[in-house]
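Overview (structure and organization)
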Amino acid sequence: MSPTDALVPLLKKLRLSGVLQSLQLRTQQAVDDNLSHSEFLYRLLGDEAERRDSKQLSQRVRRASFEHARTLEDFDFHFNPSVPKAKVLELGTCGFLERHDNVLIVGPTGVGKSHLAQALGHRACRAGYSALYLGAHELLQQLRAARGDGSYEKRLVRFTSPDLLIIDDLGLRGLTQDEPADLYEVVRQRYERKSTVITSNRAIEEWPPLFGDPLMASAAMDRLLHHSHVLVIEGDSFRNPPPTRRRKSSSQEAR
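Criteria and thresholds
- The residue count restarts for each chain, going from 1 along the sequence in the order it is written.
- In keeping with the model being predicted, local features are shown solely for residues with a pLDDT of at least 70 and side-chain atom pairs are shown and tallied solely at 80 or more, while totals for entire chains, interfaces and linings include all residues.
- Values reported for side chains reflect all heavy atoms of the structure, with hydrogen atoms and water molecules removed beforehand.
- A patch consists of residues whose relative accessible area exceeds 30% and which take part in no salt bridge; residues with like charges are grouped when within 9 Å of each other, and nonpolar side chains (Val, Leu, Ile, Met, Phe, Trp, Tyr) when within 5 Å.
- Note on areas: Shrake-Rupley with a 1.4 Å probe; residue coverage comes only from the protein chains shown.
- What makes a salt bridge here is a side-chain nitrogen of Lys or Arg within 4 Å of a carboxyl oxygen of Asp or Glu, nothing more.
- Type-normalised accessible area, obtained with a 1.4 Å probe on protein chains alone, sets the label of each residue: buried when under 20%, exposed when over 50%, and partly exposed for intermediate values.
- Put simply, DSSP marks the helices as runs of H or I at least four residues long and the strands as runs of E at least two long, and each gets a number from the N terminus on.
- Only four residue types enter the charge count: Lys and Arg as positive, Asp and Glu as negative, with His and the chain ends excluded.
- Contacts described as polar in this section are N or O atom pairs within 3.5 Å, which, within protein, must combine one atom able to donate a hydrogen with one able to accept it, while residues neighboring in sequence count only if both atoms come from side chains.
- Any two residues whose heavy atoms approach within 4.5 Å at even a single point are treated as in contact.
- The length a helix should cover is 1.5 Å for every residue beyond the first.
- This arc is built from the directions going out from the helix axis to the C-beta atoms.

**A few points about a nonpolar patch on the surface**
A cluster of nonpolar side chains, namely Leu 7, Leu 10 and Leu 14, defines an oily patch on the protein surface of about 260 Å² accessible area. A residue is classified by how much of its surface remains accessible, and Leu 7, at 31% relative accessible area, is partly exposed.

Have a look at this one:
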């Protein structure tokens, strides 16, 4: 039995079987470059650490349930000058997550709100934070169903426990029945504990009526706006740019 064969059960017991993927390469490198034992071990374990980090990132991204694979790197800041690039890149450092700040992104359809929200979520995953993305309608629908089957508290934990919760398209439709109270409860439990990113086609001033009750609206908005970053985006839609922008885009692609 070779030394490598003898290592397999030991590495599995120590939950280090991934080391086998680069063991032969690193062993040959140690011989060719005359590496010290400590340098060889450092490089071998470094490979394993990178594999684990990559696996954990993949898991965080998968659990976040992003609608699309969006990043800040592939966002076209030149298309819409109204997007505050410096502010967005600052948020991309994830400092707002450490402070449990909120990010509210408002503007018309197609200006990149969902892209930016999911890109911030992807940044959060890369920084080691947990994230969850879903549309406002889906969130409220799940809570409404949970009221019916007795799993409300468990479902609420799913929305209040991630380091970053991204609620897309708030206000696209009106809130009915218990939905205002459900949304308020999510906001209340996350306040100063976790960060929330919300996108909406409605201006911030149009949010309070969604809650129906003035007192609930005041309490919810007070928590949302405290320690928050509000990004107001205007301009043309990325999906349906005006003819002048389409011609410019086509010309740039031709080059």
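**A short note on the side chain of Asp 168**
Position of Asp 168 relative to the elements: it lies in strand S3 (residues 164-168). One buried charged residue, Asp 168, remains without a salt bridge, the closest side chain of opposite sign being Lys 113 at 6.7 Å. Side chain to side chain, Asp 168 and Ser 114 meet in a polar contact 2.6 Å long. Not counting the four nearest positions on each side in its chain, Asp 168 is found in contact with Ser 114, Tyr 133, Leu 134, Gly 135, Ala 136 and Thr 199.

**Quick look at helix H7 (residues 136-149)**
For H7, with 14 residues, the first-to-last C-alpha span of 20 Å sits near the 20 Å given by 1.5 Å per residue. Residues of H7 that are buried: Ala 136, Leu 139, Leu 140, Gln 142, Leu 143 and Ala 146. The arc enclosing the buried residues of H7, seen along the axis, measures out at 155°, which places them on a common side. Facing away from the buried side of H7 by over 90 degrees, the exposed positions are Gly 148 and Asp 149. Where H7 is buried, its residues touch strand S2 (131-135), helix H8 (152-160), S3 and helix H9 (179-190).

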